[in-house]
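A structural walkthrough
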Amino acid sequence: MKQRLITGIVAGGFFLGLCLLGGIGFNILILLMALIGFYEFVRMIGLPAFGVPALLGYLGVLYALFPWETLGLEMPWDLMRVFALLMLLFLVVTVITKNELPISTVSLLFLGMVYIGIGFSSILATRNTQDGQGLFWTFLMLISIWSSDAGAYFVGRRLGKNKLWPAISPNKTVEGAIGGIVLSVVAAVIFALASGGLLTIGRAVILGIIAAVVGQMGDLIQSAYKRAYGIKDSGTILPGHGGILDRCDSWIAVFPFIHILMLLPY
């Protein structure tokens, strides 16, 4: 617990500091986190971390997270076109290797590239919103997600009796999940009250519920992957916490979700 606390304070402080500053520093941080996350994903499914198929995935993640706007550049091709091209290249790999690398494996690589690339790029898109309120929206969603985690942990430990999804994550409880939703909504409402009219209480409640429910689902998704491959953590880069995917599993589910449904009022 001591190691976990120290890592959380140091890593969390570093992340929040760069998030406050924004700009190229934060862009590079998120890009590096995404690349490390994809590295963890590749290792998790048992492939060489820097083989040719994996390199295609790194290219996709790099393209999605490259700080085009921050450097005053325009993305040459839209992301959908690039991902479509990479999908074809992944399929070509199955032909070139004569199915030694089957379609099921390259499909996983493609899924990981999209899952991680879109997830982390959505965090950047939130921070870099053109209305100048990106920091507010980013902190709103992060604090709501972290409040959900805290609520689920403490309420689950104190009152948890009914298992939420024992086949995937045996320690999570229904009571903890409800506690996470309540605390996430409370955090979002506090943001609304302090926003000076930027965020209504009704929208804050919706965003708080989404941060908790989708965030907890993101956690379960990561748990399902790890259970399928028989590993405890996706990586070891954060002592006491595991890997990047372990710490950001909720983020890369919540941020794309709110963008897909256009739930942020900017």
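Residues numbered from 1 in each chain as written. Predicted model: local features only at pLDDT ≥ 70, side-chain atom pairs only at ≥ 80, totals over all residues. Heavy atoms only, no water.

Before going further, it helps to examine a nonpolar patch on the surface. Taken together, the side chains of Val174, Ile178, Val182, Leu183, Val186 and Ile190 make up a nonpolar region of the molecular surface, amounting to roughly 480 Å² of accessible area. Its location among the elements puts Leu183 in helix H7 (residues 174-193). Given the relative accessible area of 36%, Leu183 is considered partly exposed. (Patch = residues over 30% accessible without salt bridge, like charges linked within 9 Å, V, L, I, M, F, W, Y side chains within 5 Å. Areas by Shrake-Rupley, 256 points an atom, 1.4 Å probe, with all protein chains shown as cover. Salt bridge = Lys/Arg side-chain N within 4 Å of Asp/Glu carboxyl O. Helix = DSSP H or I, 4+ residues; strand = E, 2+ residues; numbered from the N terminus. Buried < 20%, exposed > 50% of the residue type's maximum accessible area, 1.4 Å probe, protein only.)

Pairs of packed helices are described in terms of their axes, by the angle between the two and the distance that separates them. Viewed as axis vectors pointing N to C, helix H4 (residues 79-96) and helix H5 (residues 103-127) meet at an angle of 160°, and their least axial separation amounts to 9 Å. Between H4 and H5, the crossing angle belongs to the class labelled roughly antiparallel. In the crossing of H4 with H5, the sense of the turn from one axis to the other is right-handed. Between H4 and H5, the residues in contact are Leu79, Phe83, Leu86, Met87, Phe90, Leu91, Val93 and Thr94 and Ile103, Val106, Leu109, Phe110, Met113, Val114 and Ile118, respectively. Looking at side-chain class alone, the contact of H4 with H5 contains 14 nonpolar, one polar and no charged residues. (Axes fitted to C-alpha atoms, helices over the stretch in contact; angles between N-to-C directions. Parallel < 35°, antiparallel > 145°, perpendicular 65-115°, else oblique. Left-handed = near helix turned anticlockwise from the far one by under 90°. Contact = heavy atoms within 4.5 Å. Nonpolar A, V, L, I, M, F, W, Y, C, P; charged D, E, K, R; others polar.)

So, on to the UniProt feature "transmembrane region" (unreviewed entry) in the protein. The feature "transmembrane region" (unreviewed entry), as annotated in UniProt, sits at residues 6-38, 45-66, 78-96, 103-123, 135-155 and 176-195 in this numbering. As annotated, residues 45-66 has a helix share of 64% and a strand share of 0%, and its two end C-alpha atoms lie 25 Å apart. (UniProt positions renumbered as here; feature names shortened; annotations may be inferred.)

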